[in-house]
Amino acid sequence: MKNTYVIEVKGLTKSYGSNHVLKGIDLRVERGTMLALLGPNGAGKTTTVRILSTLLHYDGGSVTVEGYDVTREADKVRGVIGLTGQSAAVDELLTGRENLVMMGRLYRLTAQSAKARAQELLEDFSLVEAADRPAKTYSGGMRRRLDLAVSLIATPPVIFLDEPTTGLDPRSRLAMWAIIKKLMESGTTILLTTQYLEEADQLADKIVVIDGGKVIAEGTANELKSKVGKDRLELTFANSKALESAVQALGKRVADTNTKEFTASVTIQDINTDVTSALDALARSHVSVQSMAVHKPTLDDVFLSLTGKQKQQTTDEEDV
Amino acid sequence: MAQELVFEKHSRPVQAMVDSLLMIKRSSLHIIRNRDQLLGTFFQPIMFYLLFTSVFGGAIGLALPDGVDYKEFLMAGIIVQTLAFGSTTTAIAICNDMQKGIVDRFRSLPMSNLAVLNGHTISDLFRNSLSTLVMIVTGLAIGFRTSASFTDWLGIIGIILLFTLAFSWLSAIVGVVAKSVEGVQWLTFVIVFPLTFASTAFVPGESMTPVLRAFAENQPITHVIEAMRALILGTPIGNHGWMAVIWCLGMLAVSIPVATWLFKRKTSG
Ligand SMILES: Nc1ncnc2c1ncn2[C@@H]1O[C@H](COP(=O)(O)OP(=O)(O)OP(=O)(O)O)[C@@H](O)[C@H]1O
Ligand SMILES: [Mg+2]
């Protein structure tokens, strides 16, 4: 009996001494989908991934991958997962090809099969030219690609990617996204962690935001965005006097003002009517607008508003 | 993913052996590609042998039994010293692995845990044997001669391999425990340096103070040196042969399980 959830985590807890890193995490990932685990530094993303990939013991709860318990059936779990950890784990003195073949053999591929598959991956990941150079001569992006290629050598049905694009330039990031998208098309189940909301937005079917070892929100990118709020019209004025008259003219429509930068934001329910009516109101009171922009909530807003308390604390600490 | 993947289906022990062979290949490639270390493997023994014979040969020669040349006397000592120091690179290699993500990667694979340690200790046998070979060739070039027969040579090679393996596994413990490569160097210096110098590697026991001599003549390294020396010089081997083998097997019996246990404990948690 195979359940629909390839990864199932219930009430997962983990502490290092008195440091409670995970305080009861629940996750479910359906077959062939991607879950993005989003959270600030120290939220517990890597800890979760390490537990799921059998590298770390946990204290409480239950964790299964493909129906196998990660503690009791660790070997079975290892046979179905691929892991790309946060720091690249390739052998620097071996060439890219040697890395791939060795890992393939350790995954129990025959020598011939490992070699053929290595060549295929080198081609897919644009590493053919560098294939026979030691990995220590690779750039950060190449190393990251090799790292991912290594974890795909035996085409495991489940892949863990811990911040696969951190430290990559925009171009390498796009290349990595393309690779990941292809992987999703092939039906692989993926759990990805990231600090980039755009990445989660672009790739994931479902997003779980964790902070301080707890799930603080989950849903699709759109669901999370709608949680944070509606579209807003951002208006900038020349000075505080103009801002004051604008606030009077707009009345209840004003959601927020910034007296330092002379901006006001207006909530928009319907973009066809609300923008013009706001501008009309300003025109009637002879207030001129310097600039304006319609602002749609991004996942960044979600991230900042959900993890706001934590963020505030860290910036306070930095100020001291 | 056009490729059709073919998996092997071996029994567990066979699979564990395949894993170890793969790790031996990996560590051997490390040795070959690590230029600086490889140069050391070649030139350090040459340098030591030439320095010792030319600097101390005259003075120590007087304390040696009649008819024994320092070139022949030194050979066993300098081989064992080189092996003892050479095996510390096992610790460095393991420490390096532990600090990088690579051990995590290995552990997320369905492979045998012990294979990583096996790879380093066994590939070190190759490197150390190479050092020994270089030294013997250097010796022969400057006039080292031996009466050792073919079977004596087999004995010498056996002792070399056994001793290197034992020291590499001891070294593996250091590699697993140490927090940094500097830590490894410090630890091995404190252990290996006194053990090799407070032995009969370079001078006969008769020339030492009584306390030092008592220690030097009964410690494992001396047994290994004296056994090898007897085979080279064609003198009676006494109990040194047995003692050398027993010490080495003893070290292996302790260090393999300890290193493995520590490795498992340090890498999961
Ligand atoms: N071995 C350890 N011993 C003690 N505390 C640890 C250990 N490993 C992680 N932690 C703590 O666990 C918490 C979560 O760490 P984790 O690496 O899971 O965060 P993360 O979400 O991956 O962060 P980042 O975005 O920086 O990678 C941190 O407070 C960290 O200090
Ligand atoms: Mg992390």
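A. Inspection of the interface of chain A and chain B at higher detail. Listed as interface residues are 39 residues of chain A and, on the opposing side, 31 residues of chain B. Summing both sides of the interface, chain A and chain B together bury roughly 3,400 Å²; the carbon and sulfur share of this comes to 57%. Across the contact surface, chain A and chain B share 7 salt bridges. A salt bridge links Arg33(B) to Glu98(A); the shortest N-O distance between them is 2.7 Å. Applying the counting rule to chain A against chain B returns 18 residue pairs in polar contact (both at pLDDT 80 or more). The residue inventory of the side of chain A that touches chain B, partitioned by class, reads 18 nonpolar, 10 polar and 11 charged.

B. Looking closely at the sheet that holds strand S2 (residues 19–30) of chain A. All names here are of chain A. With antiparallel pairing, the 4 strands of this open sheet are ordered in space as S2-S1-S4-S5. Strand pairing shows two members of the sheet lacking a second neighbour, S2 and strand S5 (68–69), which therefore form its edges. Relative to strand S4 (residues 60–65), strand S1 (residues 5–16) runs antiparallel, the two sharing 5 bridges. By the bridge assignment for S4, Lys10 is matched with Ser62. Sheet contacts for helix H1 (residues 45–52): S1, S2 and S4; angle to S1, the most-contacted strand, approximately 120°.

C. Representation of the side chain of Asn118(B) in the model. Here Asn118(B) shows up in helix H7 (residues 115–141). With sequence-adjacent residues up to four places away left out, Asn118(B) is seen in contact with Ser20(B), Ile24(B), Ser123(B) and Trp169(B).

D. View of the site of ligand 1. Residues and elements named next belong to chain A. Around ligand 1 there are 14 residues in total, and Gly42, Lys45, Thr46, Thr47 and Gln86 lie nearest to it. A distance of 2.9 Å is found between an oxygen atom of ligand 1 and a side-chain nitrogen or oxygen belonging to Asn41. Take Gln195: an N or O atom from its side chain is 3.0 Å from an oxygen atom of ligand 1. Within the complex, 62% of the 640 Å² of free accessible area of ligand 1 lies under protein. For the shell around ligand 1, the secondary structure elements donating two or more residues are S2 and H1. Among the elements that take part in the shell around ligand 1, H1 stands out by supplying 3 residues, more than any other. In the shell around ligand 1, the residues fall into 4 nonpolar, 8 polar and 2 charged.

E. View of the coordination of the magnesium ion (ligand 2). Protein coordination at the magnesium ion (ligand 2) comes from Thr46(A) (OG1) and Gln86(A) (OE1), with a distance range of 1.8 to 2.1 Å. Placement of the pair is Thr46(A) in helix H1 and Gln86(A) in the loop between strand S6 (81–84) and helix H3 (96–106), with a sequence separation of 40 residues.

F. How the structure looks around the nonpolar core. Core analysis: the largest hydrophobic core is formed by 111 residues, its most contacted members being Ile180(A) and Phe106(B). If one sorts the elements of this core by residue count, helix H4 (residues 70–86) of chain B sits on top with 11 residues. Leu27(A), Val49(A), Val63(A) and Ile210(A) belong to the second largest nonpolar core, which has 30 residues in total.

G. Molecular detail of the pattern of salt bridges. Per the counting criterion, the structure on display carries 24 salt bridges over all chains. The closest approach of N and O atoms between Asp75(A) and Arg12(B), which form a salt bridge, is 2.6 Å. With Asp75(A) in helix H2 (residues 74–80) and Arg12(B) in helix H1 (residues 12–33), the pair connects residues from two separate chains. Between Arg105(A) and Glu8(B) there is a salt bridge, and its shortest N-O distance comes to 3.1 Å. Here Glu8(B) lies in the segment before H1 and Arg105(A) lies in helix H3, a pairing that spans two chains. Residue Arg105(A) shares its accessibility class with Glu8(B), and that shared class is buried.

H. Seen up close, the side chain of Arg105(A). A residue is classified by how much of its surface remains accessible, and Arg105(A), at 15% relative accessible area, is buried. Apart from residues lying up to four places away in sequence, Arg105(A) is in contact with Thr110(A), Ala111(A), Ala114(A), Glu8(B), Val18(B) and Leu22(B).

I. Spotlight on the domain arrangement of chain A. Taken domain by domain, chain A consists of domain 1 (5–220) and domain 2 (230–295). A separation of 46 Å is found between the C-alpha centroids of domain 1 of chain A and domain 2 of chain A.

J. Geometry of the environment of Arg213(B). All names here are of chain B. Here Arg213 is to be found in helix H10 (residues 210–218). Given the relative accessible area of 30%, Arg213 is considered partly exposed. For the pair Arg213 and Ser87, spaced 126 residues apart in sequence, the C-alpha separation works out to 25 Å. Among all residues touching Arg213, those that are not within four sequence positions of it are Gly205, Glu206 and Met208.

K. Seen up close, the pairing of strand S11 (residues 231–236) of chain A. All names here are of chain A. Of the two faces of S11, only one is covered, namely that formed by Asp231, Leu233 and Leu235; the face formed by Arg232, Glu234 and Thr236 stays uncovered. Pairing between S11 and strand S14 (residues 291–295): 5 bridges, direction antiparallel. Looking across to S14, one finds that Glu234 is bridged to Ala293.

L. Up close: helix H9 (residues 181–197) of chain B. Residues and elements named next belong to chain B. Across its 17 residues, H9 extends 23 Å between first and last C-alpha, which sits within 8% of the 24 Å expected from 1.5 Å per residue. Largest kink in H9: about 30°, centred on Phe189. Among the residues making up H9, those that are buried are Val181, Val184, Thr188, Val192 and Thr196.

Analysis parameters
Residues numbered from 1 in each chain as written. Chains lettered and ligands numbered in written order. Predicted model: local features only at pLDDT ≥ 70, side-chain atom pairs only at ≥ 80, totals over all residues. Heavy atoms only, no water. Contact = heavy atoms within 4.5 Å. Buried area = accessible area lost by both parts, 1.4 Å probe. Salt bridge = Lys/Arg side-chain N within 4 Å of Asp/Glu carboxyl O. Polar contact = N/O pair within 3.5 Å; in protein donor to acceptor, adjacent residues only side chain to side chain. Nonpolar A, V, L, I, M, F, W, Y, C, P; charged D, E, K, R; others polar. Pairing = 2+ DSSP bridges. Helix = DSSP H or I, 4+ residues; strand = E, 2+ residues; numbered from the N terminus. Axes fitted to C-alpha atoms, helices over the stretch in contact; angles between N-to-C directions. Near = heavy atom within 4 Å. Areas by Shrake-Rupley, 256 points an atom, 1.4 Å probe, with all protein chains shown as cover. Donors = N, O, S within 2.8 Å, 3.2 Å for Na, K, Ca; no water. Core = buried A, V, L, I, M, F, W, Y, C linked by side-chain atoms within 4.5 Å. Buried < 20%, exposed > 50% of the residue type's maximum accessible area, 1.4 Å probe, protein only. Domains from an automatic or database assignment. Expected span 1.5 Å × (residues − 1). Bend = angle between axes of the 7 residues up to and from the residue.

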